[in-house]
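Results of the structural survey
Chain residues, written in single-letter form:
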Amino acid sequence: SLGAFRAISKLSELSSRQLSTQFQDCSQTRDSDSMCTQNVEITKLVEDLSQLVKDRSLTSDELGLMYAFKHGSSVNEALRRAGVEEKLEGFVSGQKVFSKVGGRIGLAGEVPSRDVDVVREVTKILEANGGQMGVASLCSRFIQMHEESLSSMTGKRPAGYFEESDDFRLIGRGVVGLVAKPKPEAAVEETEHSAKPASKVAVLAGCTDGDEEAYLALHEKIAGRSFGSGVARCLQSIVKAVSEVCFLNVHSVIRGGSIGRGTAITGCERAELIFMVEGLPRQGQEKWVRPLLKSVKAVLSLSDALQNVAVELRDESLHMVVQDCVSINLKFSPVFEGHSETLAEIEKQGPCSQKLFAGALEREMTQFVSKQRGQVKTTMRLLKWWREEQEWSVMCRPSDEVLDLVAIYVWQRTNPVEQWKAVANCMTLMCRFDEVRIVWTNYYRKDAIWKPLLAQRPLLMSPVNPYKNVAAPTEFDCSELMAKAASTHFFW
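First, a word on scope: everything that follows refers to the structure included in this document. Since this is a predicted model, take the numbers as computed values, not measurements.

Reading the values: rules and limits
- Each chain has its residues counted from 1, following the order in which its sequence is written.
- Local features in this predicted model are restricted to residues of pLDDT 70 or higher, and side-chain atom pairs are both shown and tallied only at a pLDDT of 80 or more, whereas totals for entire chains, interfaces and linings draw on every residue.
- Side-chain calculation: all heavy atoms of the structure are included, whereas hydrogens and water are not.
- The way it works is that DSSP assigns letters per residue, a run of H or I at least four long becomes a helix, a run of E at least two long becomes a strand, and they are numbered from the N terminus.
- For every residue, the accessible area (1.4 Å probe, protein chains only) is compared with the maximum for its type, and the residue is labelled buried under 20%, exposed over 50%, or partly exposed between those bounds.
- Contact criterion: two residues are considered in contact whenever any of their non-hydrogen atoms come within 4.5 Å of each other.
- Accessible areas in this description were obtained via Shrake-Rupley with a 1.4 Å probe; residue shielding takes into account the shown protein chains only.
- The way it works is a 1 Å grid over only the protein atoms, where trapped points that fit a 1.4 Å probe form a cavity and open points with protein on both sides within 12 Å along at least five of seven lines form a pocket, and then any residue with an atom within 4 Å of a point lines it.
- Grid points are joined across faces, edges and corners, and a volume is the space filled by probe spheres set on the points.
- Here the nonpolar group is Ala, Val, Leu, Ile, Met, Phe, Trp, Tyr, Cys and Pro; Asp, Glu, Lys and Arg are the charged ones; every other residue, Gly included, is treated as polar.
- Axes here refer to lines fitted to C-alpha atoms; in helices the fit is confined to the stretch in contact. Angles between the N-to-C directions go from 0 to 180 degrees.
- Should an angle fall under 35 degrees it is taken as roughly parallel, and over 145 as roughly antiparallel, whereas 65 to 115 is taken as roughly perpendicular and any remaining angle as oblique.
- Left-handed describes a crossing whose near helix is turned anticlockwise from the far helix by less than a right angle; the clockwise case is right-handed.
- A pair of strands is treated as paired once DSSP finds two or more bridges between them.
- Only centres within 6.5 Å qualify two rings of Phe, Tyr or Trp (six-membered ring in Trp) as a pair; their planes then separate them into stacked at under 30 degrees, edge-to-face at over 60, and tilted for everything else.
- Within this scheme, the nonpolar core is defined by two criteria: the residues are buried Ala, Val, Leu, Ile, Met, Phe, Trp, Tyr or Cys, and they are joined through side-chain atoms within 4.5 Å.
- None of His or the chain ends enter the tally, which takes Lys and Arg as positive and Asp and Glu as negative.
- The salt bridge definition used is simple: a Lys or Arg side-chain nitrogen within 4 Å of an Asp or Glu carboxyl oxygen.
- One less than the residue count of a helix, multiplied by 1.5 Å, gives the span that helix is expected to have.
- Here the arc refers to the directions that run from the helix axis out to each C-beta atom.

Below, the discussion takes up the overall build of the chain. When you go through the chain residue by residue, the secondary structure sums to 18 helices and 13 strands. Counting the 492 residues in the chain, one finds 47% classified as buried. Pairs at least 24 residues apart make up 63% of the contacts formed inside the chain by residues separated by at least 6 positions. Working note: accessible area of the chain is about 25900 Å², and carbon and sulfur atoms make up 50% of it.

Take a look at the structure:
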């Protein structure tokens, strides 16, 4: 029996060792699998980032922004998935495929594809600004013109380059100017004629794309306080006039559009007045909307307050222009108890009916935009000013809604603080607008988005309507927006 006991003990000890060995092997296998997964994630992240800087170098903010709207998640989330604890700049610095020059990230060993005469280009910038300007502002302008930093083209820091140059001189602290040179007696002056018409809004003297004061001064010019109060009074008078003569049982009036959201600018004032009417049926709107609009138009023609206002009948609204510049759309909608009830009705009638319920969702859209910080609204107005300075083809003009959402997205992702940086980030995003994929989760879950929309590019979802792509390719051609954002400059 003693021999049997020893045999059993020996077998038990052997089994314990085998189990321990198997456990260690399993643990090592799991660690190996985890490392393999992280290596795959790192390799994929490097490939994704390489694609974004393939055509031109980007700052870390721009690179993070471009990654987010192309892949639908932040670059910080991608780093965490790959098991990387450092920030984007640190991660890029440790990858041999990237180089960082002048604060901009590009592909290592990449040679600029075009030969730029740096002296000539810098001279043109200085001459356009009175012969001298801040080094930082000049570098910012240079990057916007050539999509490459001055440092990367010269291989030197800007201050060092200007000190060694015979064509430029440093004046005081952080200011560079031209070196005065006598003109040849027989010099022939060649003038370049721009095809772009003169700006409709006077450009502020001496302003530059990196000059924060110039941006704020322009904003005050196009959207001062007196302008806002005047537009609000005009809108109130229209609501009063329509309510007095209207034969409908109006439950409430929603003020939307750029005026209602607080983002209008001089010469581009648009408002949506949504009359929520008791008793209107929710079904069959395509049948009763147009007859109702015709009846309301006939009644409005009898109003003394609207005698000199031309009312135009459109597909889903009545349109009028007052004070020669304020564009107003009147819409009529059934009453809904809340946002969720409106979405339920759209789901019931089918996603294609969502256009008929745009008025009912205007309240939430107006709240989403109007609650943004004042800095964000300033960027929205500046983008609208830039849009009005351009010429657009049919279907190519970006709507107020597109520009508002671009500004909100850029501020949420980069928080640029200064307006010139915010506008520059918006331009960077719009340069690649055909790759945009932006969704929101303020009023609905991500899985509530109508599935066919997820395959569309660009995809700029409405924050309040999971059935609407604000930049749907069938309604908006982004080609001109991309071209103008890449080639034009904000002030000239």
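What follows deals with empty space enclosed by the protein. Summed over all chains, the structure comprises one cavity of 30 Å³ or more. Reported here for the largest cavity is a volume of approximately 130 Å³. What lines the largest cavity is a set of 13 residues, and nearest its centre among them are Gln285, Glu316, Lys331, Phe332 and Leu356. Elements with a contribution of two residues or more to the lining of the largest cavity: helix 12 (285–300) and strand 11 (326–334). At three residues, strand 11 tops the list of elements feeding residues into the lining of the largest cavity. Of the residues that constitute the lining of the largest cavity, the class distribution is seven nonpolar, three polar and three charged.

The N-to-C vectors of helix 5 (residues 118–127) and helix 6 (residues 135–146) enclose an angle of 120 degrees; their axes lie 11 Å apart at closest approach. Relative to helix 6, helix 5 is oriented oblique. Between helix 5 and helix 6 lies a crossing of right-handed hand. Across the interface between the two elements, Glu121, Val122, Ile125 and Leu126 from helix 5 touch Leu138, Arg141, Phe142, Met145 and His146 from helix 6.

Okay, the sheet that holds strand 6 (residues 175–178) next. Spatially, three strands are ordered 4-6-5 in an open sheet, and the strand pairing comes out antiparallel. One side of each edge strand has no neighbouring strand; the edge strands of this open sheet are strand 4 (132–134) and strand 5 (168–170). Going from strand to strand, the sheet's axes swing by 25 degrees on average, the running direction of each strand aside. When strand 4 meets strand 6, the two strands line up antiparallel, connected through three bridges. Pairing of methionine 133 across the sheet is with valine 176, part of strand 6. The strands touched by helix 5 are strand 4, strand 5 and strand 6; relative to strand 6, the strand with the most contacts, the crossing angle is about 100 degrees. Packing against the sheet, helix 6 makes contact with strand 4, strand 5 and strand 6, and its axis sits at approximately 90 degrees to strand 4.

Going through the model one piece at a time under the given rule, you end up with eight aromatic pairs. Centre to centre, the rings of tyrosine 161 and phenylalanine 168 are 6.4 Å apart; their planes meet at 45 degrees, and the pair counts as tilted. As far as burial versus exposure is concerned, tyrosine 161 and phenylalanine 168 are alike and both buried. Judged by centre distance (5.9 Å) and plane angle (65 degrees), the rings of phenylalanine 336 and phenylalanine 357 are edge-to-face.

Of note, valine 322 is situated in strand 10 (residues 318–322). Under the relative-accessibility criterion, valine 322 is labelled buried at 7%. For valine 322, the residues in contact, after removing those within four places along its chain, are Cys234, Ile238, Val309 and Ile328.

What follows concerns the nonpolar core. Met430, Phe433 and Phe490 are the most contacted members of the largest nonpolar core, which has 63 residues in total. The element that contributes the greatest number of residues to this core is helix 16 (residues 400–414), accounting for nine residues. The contact partners of phenylalanine 433, leaving out residues within four places of it in the chain, are Val402, Val406, Pro458, Leu460, Ala471, Phe476, Cys478, Leu481 and Met482.

Okay, the sheet that holds strand 10 next. The strands making up a sheet are joined through hydrogen bonds of the backbone, oriented either antiparallel or parallel. Strands sit in the order 7-8-11-10-9 across an open sheet of five strands; the sheet is mixed. Across the chains shown, the open sheet's two edge strands, defined by having one partner strand only, are strand 7 (250–256) and strand 9 (311–313). Each adjacent strand pair in this sheet contributes to an overall mean axis angle of 25 degrees, direction not counted. Of the pairings in the sheet, the one linking strand 10 to strand 11 comprises five bridges and is antiparallel in character. Paired with valine 321 across the strands is serine 327, a residue of strand 11. Along the sheet, helix 14 (residues 362–370) contacts strand 7 and strand 8 (269–277); its crossing angle with strand 7, the most-contacted strand, is approximately 35 degrees.

Moving on, we get to the side chain of lysine 484. Examined against the element boundaries, lysine 484 turns out to sit in helix 18 (residues 479–487). Within the buried set, lysine 484 has no salt-bridge partner at all; the shortest N-O distance to an opposite charge, 4.8 Å, is to glutamate 480. Apart from the residues within four sequence positions on either side, lysine 484 is in contact with Trp386, Gln390, Glu391 and Trp392.

As a further point, take helix 12. For helix 12, which comprises 16 residues, the first-to-last C-alpha distance of 22 Å matches the rise-based estimate of 22 Å (1.5 Å per residue) to within 8%. Buried within helix 12 are the following residues: Gln285, Trp288, Val289, Leu292, Leu293, Val296 and Leu300. The arc enclosing the buried residues of helix 12, seen along the axis, measures out at 140 degrees, which places them on a common side.

Let's shift gears to the environment of arginine 56. Here arginine 56 shows up in the loop between helix 1 (2–52) and strand 1 (58–59). The buried category is assigned to arginine 56, whose relative accessible area is 13%. The sequence separation of arginine 56 and leucine 107 amounts to 51 residues, and the corresponding C-alpha distance is 8.7 Å.

Let us now look at the pairing of strand 6. Sheet topology note: the strand 5/strand 6 ladder contains three bridges and is antiparallel. Following the sheet pairing, leucine 170 is matched in strand 6 by valine 176.

For the rest of this paragraph, the subject is unusual backbone geometry. Following arginine 457, the chain continues to proline 458 via a peptide bond in cis, the omega torsion being 0 degrees. Structurally, proline 458 can be placed in the loop between strand 12 (437–438) and strand 13 (459–460). Within the chain, methionine 395 stands out as a residue other than glycine whose phi angle is a positive 75 degrees. Secondary-structure assignment places methionine 395 in the loop between helix 15 (374–388) and helix 16. Positive phi, normally seen in glycine, also occurs at valine 417, with a value near 70 degrees.

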